[in-house]
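Below, each chain spelled out in residue letters.
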Amino acid sequence: MLQNINELYGNKLAASDGDIGHVKDFYFDDKIWVIRYLVADTGSWLTGAPRPLSPHAFWEIRSARKDAAC
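Since we're looking at a predicted model, the values are computed, not measured. (Residues numbered from 1 in each chain as written. Predicted model: local features only at pLDDT ≥ 70, side-chain atom pairs only at ≥ 80, totals over all residues. Heavy atoms only, no water.)

### A look at the confidence of the model for the chain
Summing up the model confidence of the chain, the mean pLDDT is 78 and the portion of residues at 70 or higher is 79%. Ranking the elements of the chain by mean pLDDT puts strand S6 (residues 67-69) last, at 54, and strand S3 (residues 34-41) first, at 89. (pLDDT = per-residue confidence, 0-100. Helix = DSSP H or I, 4+ residues; strand = E, 2+ residues; numbered from the N terminus.)

### Some thoughts on the packing of aromatic side chains
On inspection of all chains with the given rule, the structure shows 1 aromatic pair. Look at Tyr9 and Phe26: their rings are 5.2 Å apart centre to centre, the planes differ by 80°, and that puts the pair in the edge-to-face class. Taken together, the positions of Tyr9 in the segment before strand S1 (12-15) and Phe26 in strand S2 (residues 18-29) put the pair 17 residues apart, joining distant regions of the chain. Since its relative accessible area comes to 31%, Tyr9 is described here as partly exposed. Exposure remark for Phe26: the relative accessible area of 7% places this residue in the buried category. (Phe/Tyr/Trp six-rings, centres within 6.5 Å; stacked < 30°, edge-to-face > 60°. Buried < 20%, exposed > 50% of the residue type's maximum accessible area, 1.4 Å probe, protein only.)

### Section: the pairing of S2
Judged from the 4 bridges that link them, S1 and S2 form a sheet pairing that is antiparallel. Across the sheet, residue Ala14 finds its bridge partner in S2, namely Asp19. With 7 bridges connecting them, S2 and S3 associate as antiparallel partners. Looking at S3, one finds that Asp29 is bridged to Val34. Between S2 and S3, which follow one another and run antiparallel, lie 4 residues, and Trp33 among them has a positive phi close to 55°. (Pairing = 2+ DSSP bridges.)

### A few points about the side chain of Asp29
Take Asp29: it is sitting in strand S2. A distance of 3.5 Å separates the side chain of Asp29 from the backbone nitrogen of Ile32, its partner in a polar contact. For Asp29, the residues in contact, after removing those within four places along its chain, are Val34 and Arg36. (Polar contact = N/O pair within 3.5 Å; in protein donor to acceptor, adjacent residues only side chain to side chain. Contact = heavy atoms within 4.5 Å.)

Structure below.
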């Protein structure tokens, strides 16, 4: 499914026990045009640099609610 990447920036990232941050950026494989990593800003949950997460770690993306479940 094709989707505009701009719609995904800022989406909340939710785990089974609550929100863990939001989408900050993406790393692409420019040869086959797929997202390799989603960069998460975890705020105070995991301090330090933003965390790269594999898109395979997500159960679903609920764009209407602007969040993703992992």
